[in-house]
Amino acid sequence: MKILIVEDEPKTGRYLSQGLAEAGYVADLANHGADGLHLASQGSYDLLILDVMLPGLSGWQILQTLRERGVPTPVLFLTARDQVEDRVKGLELGADDYLVKPFSFAELLARVRIILRRGQNSPADAALRVADLELDLLRRRATRAGQRVDLTAKEFGLLELLMRRHGEVLPRSLIASQVWDMNFDSDTNVIEVAMRRLRMKVDDGHTVKLIQTVRGMGYVLETPEEP
Ligand code: CA
(Lines give C-alpha, C1' and ligand atoms only; values in the text may rest on other atoms or scores of the structure.)
Protein backbone atom coordinates (compact mmCIF):
# COMPACT_ATOMS: atom_id res chain seq x y z
CA MET A 1 0.00 0.00 0.00
CA LYS A 2 1.48 3.34 -1.09
CA ILE A 3 0.78 6.58 0.72
CA LEU A 4 1.77 10.10 -0.34
CA ILE A 5 2.21 12.69 2.40
CA VAL A 6 2.19 16.36 1.39
CA GLU A 7 3.39 18.35 4.38
CA ASP A 8 5.69 21.40 4.41
CA GLU A 9 6.66 21.20 8.07
CA PRO A 10 9.83 19.04 7.94
CA LYS A 11 9.50 17.55 11.43
CA THR A 12 5.89 16.47 10.94
CA GLY A 13 6.67 15.13 7.47
CA ARG A 14 9.54 12.98 8.72
CA TYR A 15 7.55 11.78 11.72
CA LEU A 16 4.67 10.70 9.49
CA SER A 17 6.73 9.04 6.79
CA GLN A 18 8.88 7.13 9.30
CA GLY A 19 5.87 6.04 11.32
CA LEU A 20 3.96 4.85 8.27
CA ALA A 21 7.02 3.02 6.95
CA GLU A 22 7.41 1.25 10.29
CA ALA A 23 3.74 0.28 10.09
CA GLY A 24 4.52 -1.48 6.80
CA TYR A 25 3.36 1.12 4.27
CA VAL A 26 5.39 2.62 1.47
CA ALA A 27 5.34 6.35 2.23
CA ASP A 28 6.52 9.16 -0.06
CA LEU A 29 6.85 12.73 1.14
CA ALA A 30 6.43 15.99 -0.77
CA ASN A 31 6.87 19.35 0.96
CA HIS A 32 5.47 21.67 -1.70
CA GLY A 33 1.91 21.86 -3.02
CA ALA A 34 2.88 21.69 -6.68
CA ASP A 35 5.17 18.68 -6.16
CA GLY A 36 2.41 16.97 -4.23
CA LEU A 37 -0.09 17.54 -7.03
CA HIS A 38 2.38 16.29 -9.62
CA LEU A 39 3.05 13.04 -7.72
CA ALA A 40 -0.59 12.49 -6.78
CA SER A 41 -1.73 13.02 -10.40
CA GLN A 42 0.08 9.84 -11.44
CA GLY A 43 -2.63 7.97 -9.55
CA SER A 44 -0.31 5.30 -8.13
CA TYR A 45 -1.13 5.97 -4.47
CA ASP A 46 -3.71 4.24 -2.31
CA LEU A 47 -4.06 7.25 -0.03
CA LEU A 48 -3.03 10.92 0.11
CA ILE A 49 -2.39 12.69 3.39
CA LEU A 50 -2.61 16.42 2.66
CA ASP A 51 -1.74 19.32 4.88
CA VAL A 52 -4.08 22.26 4.17
CA MET A 53 -1.66 25.19 4.40
CA LEU A 54 1.14 24.49 1.92
CA PRO A 55 3.48 26.59 -0.19
CA GLY A 56 2.50 26.70 -3.87
CA LEU A 57 -0.92 25.10 -3.76
CA SER A 58 -3.14 24.53 -0.75
CA GLY A 59 -4.37 21.08 0.20
CA TRP A 60 -7.85 22.14 -0.98
CA GLN A 61 -6.54 23.12 -4.40
CA ILE A 62 -4.67 19.83 -4.74
CA LEU A 63 -7.81 17.84 -3.96
CA GLN A 64 -9.98 19.95 -6.26
CA THR A 65 -7.56 19.63 -9.17
CA LEU A 66 -7.19 15.87 -8.68
CA ARG A 67 -10.95 15.35 -8.71
CA GLU A 68 -11.25 17.51 -11.85
CA ARG A 69 -8.66 15.27 -13.46
CA GLY A 70 -10.61 12.20 -12.42
CA VAL A 71 -8.09 10.93 -9.86
CA PRO A 72 -10.21 9.19 -7.19
CA THR A 73 -7.46 8.51 -4.59
CA PRO A 74 -8.85 8.89 -1.05
CA VAL A 75 -7.67 11.93 0.90
CA LEU A 76 -7.07 12.50 4.59
CA PHE A 77 -6.62 16.18 5.47
CA LEU A 78 -4.36 17.46 8.22
CA THR A 79 -4.83 20.93 9.51
CA ALA A 80 -4.00 23.09 12.46
CA ARG A 81 -7.27 24.94 12.11
CA ASP A 82 -10.20 23.44 13.89
CA GLN A 83 -13.07 25.34 12.38
CA VAL A 84 -16.40 23.99 11.32
CA GLU A 85 -16.30 25.66 7.90
CA ASP A 86 -12.93 24.01 7.16
CA ARG A 87 -14.30 20.58 7.86
CA VAL A 88 -17.36 21.26 5.74
CA LYS A 89 -15.23 22.61 2.91
CA GLY A 90 -12.93 19.59 2.97
CA LEU A 91 -15.77 17.11 3.02
CA GLU A 92 -17.65 18.97 0.27
CA LEU A 93 -14.57 18.78 -1.91
CA GLY A 94 -14.56 15.02 -1.41
CA ALA A 95 -12.08 14.46 1.42
CA ASP A 96 -12.49 11.11 3.16
CA ASP A 97 -11.44 12.26 6.58
CA TYR A 98 -10.05 15.13 8.53
CA LEU A 99 -7.53 15.22 11.36
CA VAL A 100 -6.78 18.30 13.46
CA LYS A 101 -3.21 18.97 14.57
CA PRO A 102 -1.81 18.05 16.98
CA PHE A 103 -2.86 14.42 16.71
CA SER A 104 -1.40 11.17 17.99
CA PHE A 105 0.24 8.84 15.51
CA ALA A 106 -1.98 6.01 16.75
CA GLU A 107 -5.05 8.02 15.78
CA LEU A 108 -3.65 8.82 12.35
CA LEU A 109 -2.84 5.15 11.77
CA ALA A 110 -6.35 4.09 12.79
CA ARG A 111 -7.88 6.60 10.32
CA VAL A 112 -5.50 5.49 7.58
CA ARG A 113 -6.50 1.86 8.04
CA ILE A 114 -10.20 2.67 8.00
CA ILE A 115 -9.90 4.69 4.76
CA LEU A 116 -7.78 2.04 3.05
CA ARG A 117 -10.22 -0.68 4.05
CA ARG A 118 -13.16 1.35 2.80
CA GLY A 119 -11.38 1.67 -0.53
CA GLN A 120 -11.39 -2.09 -0.90
CA ASN A 121 -15.14 -1.96 -1.55
CA SER A 122 -16.39 -5.12 0.04
CA PRO A 123 -16.35 -6.13 3.71
CA ALA A 124 -15.08 -9.55 2.68
CA ASP A 125 -11.83 -7.82 1.78
CA ALA A 126 -11.12 -7.19 5.45
CA ALA A 127 -9.51 -10.64 5.31
CA LEU A 128 -7.52 -12.46 2.63
CA ARG A 129 -7.65 -16.25 2.44
CA VAL A 130 -5.62 -18.75 0.47
CA ALA A 131 -6.09 -22.42 1.46
CA ASP A 132 -5.81 -22.52 5.27
CA LEU A 133 -3.82 -19.28 5.40
CA GLU A 134 -5.75 -16.21 6.50
CA LEU A 135 -4.67 -12.59 6.77
CA ASP A 136 -6.89 -10.34 8.86
CA LEU A 137 -6.26 -6.85 7.49
CA LEU A 138 -8.26 -5.19 10.24
CA ARG A 139 -6.43 -6.72 13.19
CA ARG A 140 -3.16 -7.10 11.24
CA ARG A 141 -2.99 -10.79 12.12
CA ALA A 142 -2.07 -13.88 10.17
CA THR A 143 -3.18 -17.44 10.92
CA ARG A 144 -2.35 -20.76 9.28
CA ALA A 145 -4.73 -23.64 10.02
CA GLY A 146 -6.10 -21.54 12.86
CA GLN A 147 -2.65 -21.05 14.45
CA ARG A 148 -1.37 -17.53 14.91
CA VAL A 149 1.67 -16.59 12.74
CA ASP A 150 3.66 -13.69 14.19
CA LEU A 151 4.85 -11.31 11.48
CA THR A 152 6.83 -8.10 11.41
CA ALA A 153 5.26 -5.13 9.59
CA LYS A 154 7.39 -5.81 6.49
CA GLU A 155 6.56 -9.51 6.49
CA PHE A 156 2.89 -8.62 6.79
CA GLY A 157 3.19 -6.28 3.79
CA LEU A 158 5.00 -8.95 1.82
CA LEU A 159 2.42 -11.63 2.64
CA GLU A 160 -0.43 -9.24 1.83
CA LEU A 161 1.04 -8.60 -1.62
CA LEU A 162 1.57 -12.33 -2.28
CA MET A 163 -1.97 -13.15 -1.14
CA ARG A 164 -3.67 -10.36 -3.07
CA ARG A 165 -1.99 -11.62 -6.21
CA HIS A 166 -1.88 -15.32 -5.40
CA GLY A 167 -1.22 -17.64 -8.30
CA GLU A 168 0.81 -14.91 -9.99
CA VAL A 169 4.62 -15.03 -10.13
CA LEU A 170 5.84 -11.75 -8.67
CA PRO A 171 9.26 -10.57 -9.85
CA ARG A 172 11.69 -9.30 -7.23
CA SER A 173 11.61 -5.86 -8.83
CA LEU A 174 7.86 -5.61 -8.25
CA ILE A 175 8.18 -6.82 -4.65
CA ALA A 176 11.00 -4.32 -4.08
CA SER A 177 8.94 -1.39 -5.34
CA GLN A 178 5.68 -2.38 -3.63
CA VAL A 179 6.97 -3.46 -0.24
CA TRP A 180 10.32 -1.68 0.17
CA ASP A 181 9.87 1.35 -2.07
CA MET A 182 13.29 0.75 -3.59
CA ASN A 183 14.55 0.12 -7.06
CA PHE A 184 15.86 -3.34 -7.65
CA ASP A 185 19.19 -2.33 -9.13
CA SER A 186 21.22 -2.86 -5.99
CA ASP A 187 22.72 -6.22 -5.12
CA THR A 188 20.94 -6.33 -1.80
CA ASN A 189 19.54 -9.66 -0.67
CA VAL A 190 16.94 -8.05 1.58
CA ILE A 191 14.07 -9.65 -0.33
CA GLU A 192 15.58 -13.15 -0.22
CA VAL A 193 16.22 -12.84 3.52
CA ALA A 194 12.71 -11.56 4.25
CA MET A 195 11.16 -14.21 2.00
CA ARG A 196 13.10 -17.00 3.71
CA ARG A 197 11.86 -15.84 7.12
CA LEU A 198 8.31 -15.49 5.87
CA ARG A 199 8.36 -18.99 4.37
CA MET A 200 9.64 -20.45 7.63
CA LYS A 201 6.82 -18.78 9.52
CA VAL A 202 4.10 -19.65 7.02
CA ASP A 203 5.12 -23.07 5.70
CA ASP A 204 7.32 -24.82 8.29
CA GLY A 205 5.46 -27.70 9.91
CA HIS A 206 2.85 -27.82 7.13
CA THR A 207 2.72 -30.50 4.44
CA VAL A 208 1.41 -28.06 1.85
CA LYS A 209 3.99 -25.36 1.07
CA LEU A 210 2.20 -22.24 -0.14
CA ILE A 211 5.13 -19.96 -0.97
CA GLN A 212 7.32 -21.08 -3.88
CA THR A 213 10.44 -19.71 -5.50
CA VAL A 214 10.27 -19.68 -9.28
CA ARG A 215 13.89 -19.83 -10.32
CA GLY A 216 15.07 -16.77 -12.17
CA MET A 217 11.61 -15.21 -12.03
CA GLY A 218 10.45 -14.45 -8.53
CA TYR A 219 7.99 -15.75 -5.97
CA VAL A 220 4.46 -17.07 -6.01
CA LEU A 221 1.96 -17.95 -3.34
CA GLU A 222 -0.40 -20.67 -4.48
CA THR A 223 -2.13 -23.85 -3.49
CA PRO A 224 -0.22 -26.65 -5.22
CA GLU A 225 -2.35 -28.65 -7.67
CA GLU A 226 -3.76 -31.94 -6.43
CA PRO A 227 -1.86 -34.88 -7.99
CA1 CA B 1 1.59 23.58 6.57
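Just so you know, these numbers come straight off a predicted model, no measurement behind them. (Residues numbered from 1 in each chain as written. Predicted model: local features only at pLDDT ≥ 70, side-chain atom pairs only at ≥ 80, totals over all residues. Heavy atoms only, no water.)

What exactly am I supposed to notice about the environment of G70 here?
Examined against the element boundaries, G70 turns out to sit in the loop between α3 (59-68) and β4 (75-79). Each C-alpha atom, one on G70 and one on S41, is 9.2 Å from the other, the two residues being 29 residues apart in sequence. (Helix = DSSP H or I, 4+ residues; strand = E, 2+ residues; numbered from the N terminus.)

Is there a simple way to think about the coordination of the calcium ion in this case?
Ideal geometry at a metal gives 109.5 degrees between four tetrahedral donors and either 90 or 180 degrees between six octahedral ones. Each protein donor to the calcium ion is listed here as D8 (OD), D51 (OD) and M53 (O); together their distances run 2.1 to 2.3 Å. For the calcium ion, the single-chain donor residues occur in sequence as D-x42-D-x1-M. With D8 in the loop between β1 (2-6) and α1 (10-22) and D51 in strand β3 (residues 47-51), this residue pair connects regions lying 43 residues apart in the sequence. Relative accessible area serves as the criterion here: at 5%, D51 is assigned to the buried category. (Donors = N, O, S within 2.8 Å, 3.2 Å for Na, K, Ca; no water. Buried < 20%, exposed > 50% of the residue type's maximum accessible area, 1.4 Å probe, protein only.)

Is there a simple way to explain the sheet that holds strand β6 (residues 127-130) in this structure?
Think of a sheet as strands paired side by side through backbone hydrogen bonds, with each pair either parallel or antiparallel. Strand order in the open sheet formed by 4 strands is β6-β7-β8-β9, and the pairing between neighbours is antiparallel. Because the sheet does not close on itself, it has two edges, and the strands there are β6 and β9 (147-149). Ignoring strand direction, the axes of neighbouring strands in this sheet form an average angle of 25°. On the sheet, helix α6 (residues 153-164) packs against β6, β7 (133-136) and β8 (141-144) and is oriented at approximately 120° with respect to β7. (Pairing = 2+ DSSP bridges. Axes fitted to C-alpha atoms, helices over the stretch in contact; angles between N-to-C directions. Contact = heavy atoms within 4.5 Å.)

Help me out: how do you make sense of the side chain of E7 in this one?
As for its placement among the helices and strands, E7 is situated in the loop between β1 and α1. For E7, the side chain forms a polar contact with the main-chain nitrogen of E9, separated by 2.8 Å. Reaching out from E7, the side chain makes a polar contact with the side chain of K101 at a distance of 2.9 Å. Ignoring sequence-local partners within four residues, the contact set of E7 consists of T12, G13, L29, A30, N31, D51, L54, L78 and K101. (Polar contact = N/O pair within 3.5 Å; in protein donor to acceptor, adjacent residues only side chain to side chain.)

Any chance you could explain the sheet that holds β3 here in plain terms?
Spatial ordering of the open sheet is given by β2-β1-β3-β4-β5, a layout of 5 strands whose pairing is parallel. Each edge of the sheet is formed by a strand with only one pairing partner; in this case those strands are β2 (26-30) and β5 (97-100). Between one strand axis and the next, the sheet turns by 20° as a mean value, whatever way the strands run. One ladder, built from 4 bridges, connects β1 with β3; its direction is parallel. Paired with I5 across the bridge in β3 is I49. Each of β1, β2 and β3 touches helix α2 (residues 33-41); the most contacted strand, β1, lies at about 160° to it.

Is there a simple way to explain the pattern of salt bridges in this structure?
Note that side chains of opposite charge can pair when their charged atoms are close. Counted under the stated rule, the structure contains 13 salt bridges. The residue D132 makes a salt bridge to R144 at a minimum N-O spacing of 2.6 Å. Here D132, found in the loop between β6 and β7, pairs with R144, found in strand β8; they are 12 residues apart in sequence, far enough to count as distant. Residue class for D132 comes out partly exposed when judged on its relative accessible area of 35%. Taken together, the salt bridges that share partners define one network made up of E7, D51 and K101. (Salt bridge = Lys/Arg side-chain N within 4 Å of Asp/Glu carboxyl O.)

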